[in-house]
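# Breakdown of the fold
Okay, here's what each chain looks like letter by letter:
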Amino acid sequence: MDPVLADLLKLLTLDQVEDNIFRGESRDIGSPQVFGGQVLGQALGAASKTVDDRVAHSLHAYFLRRGDVDAPIVYEVDRARDGRSFSNRRVVAIQHGRQIFNMTASFQIQETGLKHQATMPDVPGPSGLADLRDINKDILTKVPERVRRFLTMERPFEARPVHKPNFLSNEKLEPVKHIWMKAIDRVPDDDEINQALLAYVSDYELLGTATLPHGLRFVREQMQMASLDHAMWFHHSCRVDQWLLFSFDSPSASGSRGLARGKVFTRDGLLVASTAQEGLIRVRNSS
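Residues numbered from 1 in each chain as written. Predicted model: local features only at pLDDT ≥ 70, side-chain atom pairs only at ≥ 80, totals over all residues. Heavy atoms only, no water.

Our focus in this paragraph is the overall build of the protein. Looking only at helices and strands, one finds five helices and 12 strands in the protein. Against the 2.2 N^0.38 benchmark of 19 Å for 287 residues, the protein shows a C-alpha radius of gyration of 19 Å, consistent with a compact globule. Across its three principal directions, the C-alpha atoms of the protein cover 55 × 45 × 40 Å. A burial count over the protein gives 50% of its 287 residues as buried. Long-range pairs, those at least 24 residues apart, make up 74% of the contacts in the protein between residues at least 6 apart in sequence. When the accessible surface of the protein is totalled, it reaches about 14,600 Å², and 47% of it is carbon and sulfur. Averaging the coordinates of the 36 positive side-chain charges in the protein and doing the same for the 37 negative ones gives two points 5 Å apart. (Helix = DSSP H or I, 4+ residues; strand = E, 2+ residues; numbered from the N terminus. Rg over C-alpha atoms; globule rule 2.2 N^0.38 Å. Buried < 20%, exposed > 50% of the residue type's maximum accessible area, 1.4 Å probe, protein only. Contact = heavy atoms within 4.5 Å. Areas by Shrake-Rupley, 256 points an atom, 1.4 Å probe, with all protein chains shown as cover. Lys, Arg positive; Asp, Glu negative; His and termini not counted. Charge placed at Lys NZ, Arg CZ, Asp CG, Glu CD.)

Quick look at the structure:
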């Protein structure tokens, strides 16, 4: 397995300290704080370890404080309810004696029922599209060192945008983005692992959709951006080592906050997950 992806899988495999308490490490991906997707994936993994024969169908989380990449994160799981069909778990992530994150996740037994779904956008497939890492190479000499470090970090996922972004442009665009993503190597055939990885990557590229109508680009502007909350619904099992289309849109921005939504499709059009996130977006005065 590719060492970068292997390291992520190791990161998402928590140590069990005692009943309902788990501990995880962090990785510096070039951002000022622990990557939100890492905490989402670890928290979901911690909750999953306390549930038998049920698969997560939703999670709702809040990011409370910046995570420290140099300190472990402790996850405390509250077994809120185990019913005949559903199990509910509450997870609190703690660093330095303070909560940095909390999440509620719900799990369900396998059932059948009514079916319908949104239609997959009619966009080109991933073949022939450039990866973000290759696109980023064009601007490395034109951005600050802190941004250059973030853009050049090794990633466990490939990411190919349908429309090549211009990170240095101030053009105002529709708040819509389509990007194909998949893990850079094969992952285990395990629903729990694939869900944790999907939660991890669901935090990629999402919030930036809310900046598009304003001609703002994080590589150029003096911007403060941070996830405030994150919700996810898992409709079908999927493999994250196969291409998935992440279709993002942003219906609103106000009060220094932006809302972004996402739908995740397989190449054959199956809607496997939906997500939504509100985040802080502050534009600092550069004068």
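Let's pick the thread back up.
Core analysis: the biggest nonpolar cluster contains 63 residues, and L44, Y75, F101, M103, F157, L198 and F246 have the highest contact counts within it. Leaving out residues up to four positions away in the same chain, F157 has contacts with L8, K182, A183, I184, L197, Y200, V201, Y204 and V240. The next biggest cluster of nonpolar side chains, apart from the first, holds nine residues, and it includes V123, V162, W180 and W243. (Core = buried A, V, L, I, M, F, W, Y, C linked by side-chain atoms within 4.5 Å.)

Enumeration according to the criterion identifies 12 salt bridges in this entry. Among the salt bridges present, the one from K49 reaches E192, with a minimum N-O distance of 3.3 Å. With K49 in the loop between α2 (36–48) and β3 (55–63) and E192 in helix α5 (residues 191–201), the pair connects residues that are 143 residues apart, well separated along the chain. In this structure, the salt-bridge partner of E158 is K182, at a minimum N-O distance of 3.3 Å. Separated by 24 residues along the polypeptide, E158 in strand β7 (residues 157–161) and K182 in strand β8 (residues 176–183) bring together distant segments of the chain. Its relative accessible area of 16% is what places K182 among the buried residues. One network of salt bridges, with partners in common, ties together E158, R160 and K182. (Salt bridge = Lys/Arg side-chain N within 4 Å of Asp/Glu carboxyl O.)

Looking now at the environment of G41. Looking at the element boundaries, G41 is found in helix α2. Residue contacts for G41: discarding those within four places in its chain leaves L12, A196 and A199.

Taken as a whole and assessed by the stated rule, the structure comprises seven aromatic pairs. With centroids separated by 6.3 Å and ring planes inclined at 20 degrees, the aromatic side chains of F157 and Y200 adopt a geometry described as stacked. Remark: Y200 occurs in helix α5 and F157 occurs in strand β7; sequence separation between them is 43 residues. Y200 gets classed as buried once you look at its relative accessible area, which sits at 5%. What links up through ring pairs into an aromatic cluster is the set F35, F157, Y200 and Y204. Across the ring face of W243, the terminal group of K182 is positioned such that the distance to the ring centre comes to 5.3 Å. (Phe/Tyr/Trp six-rings, centres within 6.5 Å; stacked < 30°, edge-to-face > 60°. Lys NZ or Arg CZ within 6 Å of the ring centre and 35° of its normal.)

What follows deals with the sheet that holds strand β10 (residues 244–254). The strand order across the open sheet formed by 12 strands is β1-β2-β4-β5-β6-β3-β9-β12-β11-β10-β8-β7, and the pairing between neighbours is antiparallel. In the strand order of this sheet, the two ends are held by β1 (15–18) and β7, each with one partner. Put simply, the sheet's adjacent strands are angled 25 degrees from each other on average, direction ignored. When β3 meets strand β6 (residues 98–108), the two strands line up antiparallel, connected through eight bridges. Its bridge partner lying in β6, Y62 is registered against N102. (Pairing = 2+ DSSP bridges. Axes fitted to C-alpha atoms, helices over the stretch in contact; angles between N-to-C directions.)

The next point concerns α2. In this model, α2 (13 residues) spans 18 Å end to end at C-alpha, consistent with the 18 Å of a helix rising 1.5 Å per residue. Here α2 lies mainly inside the structure; 13 of its 13 residues are buried. (Expected span 1.5 Å × (residues − 1).)

Mapping D19 onto the fold places it in the loop between β1 and β2 (21–24). Residue classification places D19 among the exposed positions, given a relative accessible area of 63%. The spacing of D19 and A183 is 164 residues in sequence and 32 Å in space, taken between C-alpha atoms.

Before going further, it helps to examine the packing of helix α1 (residues 3–12) against α5. Contact pair α1 / α5: the axes reach a minimum separation of 11 Å and the direction vectors enclose 105 degrees. Judged by the inter-axis angle, α1 sits roughly perpendicular to α5. Two secondary-structure elements touch here, α1 through L8, L9 and L12 and α5 through I193, A196, L197 and Y200. Split into classes, the residues belonging to the contact of α1 with α5 amount to seven nonpolar, no polar and no charged. (Parallel < 35°, antiparallel > 145°, perpendicular 65-115°, else oblique. Nonpolar A, V, L, I, M, F, W, Y, C, P; charged D, E, K, R; others polar.)

Glancing now at the pairing of strand β9 (residues 223–234). Taken together, the five bridges between β3 and β9 define a ladder with antiparallel strand orientation. Along β9, the bridge assignment pairs Y62 with D229. Here 11 bridges tie β9 to strand β12 (residues 271–283), and the two strands are oriented antiparallel to one another. What sits directly across from M223, in β12, is V283.

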